[in-house]
Each structure stands twice: as structure tokens, then as C-alpha cells.
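Given next are the chains, with one letter for each unit.
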Amino acid sequence: IKSKIIINFLKLIEKTVYNYSTAVITIDQLFYNKIVNRFKNKAKLHIIPNFVDAELYKKTDEDSLPVEFQKKSNVFRIMYAGNIGYAQDWQPFLLLANHFKNNKNIEFVIIGEGILKNDLENEVRNKKFENVSIFPYQSRNLMPQINTSADLHFIFMNPKYDDQGFPSKVYSIMACSKPLLVISKKNASLNNFLKDKNCSIIIEEQDTKLKTEELILGLMSLIDNSNLLFEMGANGRKVIESNYSKEIVVKQYLNLVESI
């Protein structure tokens, strides 16, 4: 949308909705900072994060997994589960997969749907990446076991969209006690959330070649370090239990409603 008339009209609608609401909730401090000046009464704006069902995502028995998700003991599995679209940066992933193309002890698993799924499948097929498997979305009840089957999860944010959203899958990954390999630029919401949690490696570099090199180094530092993987995963689970469980966040909503 480039029409100034339409843009100004949408901004007017936005401000009207905000200011005629009794309360407005945003999930993150950075989002709060972005919209707070659009309120006449700034006290109407509150921060309440998203949550995850921590009990659902407790570490579970991997033996109950479907055959296609069962992992060999000597294989290091790197996983992404979610939307396969423009919000993710797939070029570094393809370069990373290509780098480890001939390493049979490393596999990449992608689960999801989205506008770029066919393109990604074609790239994997054309480049003969036998180390990459792509699956459709799976049952929610299976996701705890599937998440747990991975040694490491990745989230590579497209820099164009990095500061416009927050991938809530990060909560379920942390709830499964699994570490993350992340591309997210400085001051973006995902980076801001993870930077002090000690459960991830975050790549802030924006140049494709340089950030791919950092990804390779980051991955190599974790592959043979089971103690560090366990420690990072445990740190993530602890953060979820302390601040982002369903019970804790729902209580914040209830407190807000009661105060109103």
C-alpha cells in the first residue's frame, strides 16, 4: 500500500481502536515502545507475553514417535517446525545444508506448510540434499516428542520482517528443553527475548556469506558438546517454568481484567 490517503486512514482507524479500548495488550517491550505514543492515555497499554502449555511439552518418550521421526543414535538432528514463508530466511539454511551435504551424521528436518514450501522442496531436490527431510504439519500431541527428537532447533529470521513479529514456536522449543540456533538482528524482538536466557546461539550478522560462516561455526561448537546442549536446553525450560507457563500468563490476564 503506497497511497498516503489509505495509509493515513488506516492509521486513524488504528488510533481510534486503541484509544476507545479499555485496555490494550502487547506481548513484548519492543512492541510496546513502538505503539505507546499512539495512546492519549498510555496507562491503557499493557505487556503480557504469550505462553506455552509447559506440561504438554515436558520431555517425553521418543520411542512412541512415528518411524519417519525416529533418529539414529549417531546422528545430530537440526529441526525447524512452523510456517515456511517469507518471514524466515531460507538462503542461509540452504547454504548450511550444502556445507554438511556429505556428512551422514548430520540431518536437517523441516516440518510445516507455507507459501515457500514448494520452492524449498524444489531446491532440496535439485541440489540433491539427502540430509534434508521436509514433512507437513504434524499432530499437536506428537510435537513434544518430535521436538525432543532434535538435538537443536533453528529459527532464521528474514531481516525484512525480523522486527515485525515474534515466532511463538520459541516457547515450545524451550519448554522441550532444547537449545536454539537463531538468526535475528540486534534490537529485534526475538533477539531481545533470547539474548540473556543462555539457551541459544544468536547470529546478528546480516551479510549472507558471513552469517552462514557464523552458523557453521556455531553448529560445530555444539555438535560434539552434549553437556553444553543439555545446559542450554535446561536453561530454556527453567525460563518457561518461571515466566511463560500457561498458568503464570493467564494469571496476568485475570489480574488485568479484575483491575478493570
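In what follows, the accompanying structure is described. Quick caveat: nothing in here was measured; it's all calculated off a predicted structure.

**Observations regarding the overall build of the protein chain**
Next, step 1: Summing up its helical and strand segments, the protein chain has ten helices and eight strands in all.
Next, step 2: Projected onto its principal axes, the C-alpha positions of the protein chain cover 60 × 45 × 30 Å.
Next, step 3: The burial tally for the protein chain puts 46% of its 260 residues in the buried class.
Next, step 4: Pairs at least 24 residues apart make up 69% of the contacts formed inside the protein chain by residues separated by at least 6 positions.
Next, step 5: Taking the average location of the 34 positive side-chain charges in the protein chain and that of its 29 negative ones, the two points are 7 Å from each other.

**As for the sheet that holds strand S7 (residues 180-183)**
Next, step 1: Taken together, six strands build an open sheet; the order of strands is S5-S4-S3-S6-S7-S8 and the sheet is parallel. In this open sheet, the two edge strands, each paired with only one partner strand, are strand S5 (132-135) and strand S8 (200-203). Neighbour to neighbour, the strand axes of the sheet diverge by 20° on average, direction disregarded.
Next, step 2: Note: S7 against S8, four bridges, orientation parallel. Considered in S8, the bridge of Leu180 is made with Ser200.

**Looking at the packing of aromatic side chains**
Next, step 1: Scanning the model with the defined rule gives 13 aromatic pairs in all.
Next, step 2: Ring centres 5.6 Å apart and planes at 35° place the aromatic pair Tyr80 and Phe154 in the tilted group. Residue Tyr80 is found in strand S3 (residues 76-81), and its partner Phe154 is found in strand S6 (residues 152-156); the two are separated by 74 residues along the sequence. Residue Tyr80 shares its accessibility class with Phe154, and that shared class is buried.
Next, step 3: A ring pair is formed by Phe93 and Phe154, whose centres lie 5.3 Å apart and whose planes are at 10°; its orientation type is stacked.

**What about unusual backbone geometry?**
In terms of backbone geometry, most residues other than glycine have negative phi values and most peptide bonds are trans.
Next, step 1: Positive phi, close to 55°, is recorded for Lys128, a residue that is not glycine.
Next, step 2: Tracing the sequence through the fold places Lys128 in the loop between helix H4 (117-126) and S5.
Next, step 3: For Asn187, which is not glycine, the phi torsion reads 75° and is therefore positive.
Next, step 4: Looking at where Asn187 falls in the secondary structure, it is placed in the loop between S7 and helix H7 (189-194).

**Re the environment of Ile216**
Next, step 1: When you line up the elements, Ile216 lands in helix H8 (residues 208-223).
Next, step 2: Ile216 sits 45 residues away from Tyr171 along the chain, and the two C-alpha atoms are 24 Å apart.
Next, step 3: If we skip the residues at most four places from it in the chain, Ile216 touches Leu96, His99 and Phe100.

**Some words on the packing of helix H9 (residues 226-244) against helix H10 (residues 246-259)**
Next, step 1: Two elements in contact, H9 and H10, have axes whose closest approach is 6 Å; the angle formed by their N-to-C orientations is 25°. For the element pair H9 / H10, the angle class is roughly parallel. On H10, the residues touching Glu241, Ser242, Asn243 and Tyr244 of H9 are Lys246, Ile248, Val249 and Gln252.
Next, step 2: Here the residues of the contact of H9 with H10 sort into three nonpolar, three polar and two charged.

**Some thoughts on H9**
Next, step 1: Over its 19 residues, H9 extends 26 Å from the first C-alpha to the last, a length consistent with the 27 Å expected when each residue adds 1.5 Å.
Next, step 2: Residues of H9 that are buried: Leu229, Met232, Gly233, Asn235, Gly236, Arg237, Val239, Ile240 and Tyr244.

**Remarks on H8**
Next, step 1: With 16 residues, H8 should reach 22 Å at 1.5 Å per residue; the first-to-last C-alpha distance of 22 Å fits that figure.
Next, step 2: Along H8, the residues classified as buried are Lys211, Thr212, Leu215, Ile216, Gly218, Leu219, Leu222 and Ile223.
Next, step 3: A side-chain oxygen of the first residue of H8 lies 3.2 Å from the backbone nitrogen of Lys209; this N-cap is Asp207.

**Remarks on the pairing of S3**
Next, step 1: Burial of S3 is extensive: six of the six residues sit out of reach of the surface.
Next, step 2: The two faces of S3 match: Phe76, Ile78 and Tyr80 on one face and Arg77, Met79 and Ala81 on the other face are all buried.
Next, step 3: With six bridges connecting them, S3 and strand S4 (residues 106-111) associate as parallel partners. From the neighbouring strand, Arg77 faces S4, where its bridge partner is Glu107.
Next, step 4: The β-α-β motif built from S3, the intervening helix H3 (residues 90-99) and the parallel element S4 has right-handed crossover chirality.
Next, step 5: Sheet topology note: the S3/S6 ladder contains two bridges and is parallel. Bridge assignment links Met79 to a residue of S6, and that residue is His153.

What counts as what
- Residues numbered from 1 in each chain as written.
- Predicted model: local features only at pLDDT ≥ 70, side-chain atom pairs only at ≥ 80, totals over all residues.
- Heavy atoms only, no water.
- Helix = DSSP H or I, 4+ residues; strand = E, 2+ residues; numbered from the N terminus.
- Buried < 20%, exposed > 50% of the residue type's maximum accessible area, 1.4 Å probe, protein only.
- Contact = heavy atoms within 4.5 Å.
- Lys, Arg positive; Asp, Glu negative; His and termini not counted.
- Charge placed at Lys NZ, Arg CZ, Asp CG, Glu CD.
- Pairing = 2+ DSSP bridges.
- Axes fitted to C-alpha atoms, helices over the stretch in contact; angles between N-to-C directions.
- Phe/Tyr/Trp six-rings, centres within 6.5 Å; stacked < 30°, edge-to-face > 60°.
- Parallel < 35°, antiparallel > 145°, perpendicular 65-115°, else oblique.
- Nonpolar A, V, L, I, M, F, W, Y, C, P; charged D, E, K, R; others polar.
- Expected span 1.5 Å × (residues − 1).
- Polar contact = N/O pair within 3.5 Å; in protein donor to acceptor, adjacent residues only side chain to side chain.
- Right-handed = clockwise from strand over helix to strand, strands pointing away.

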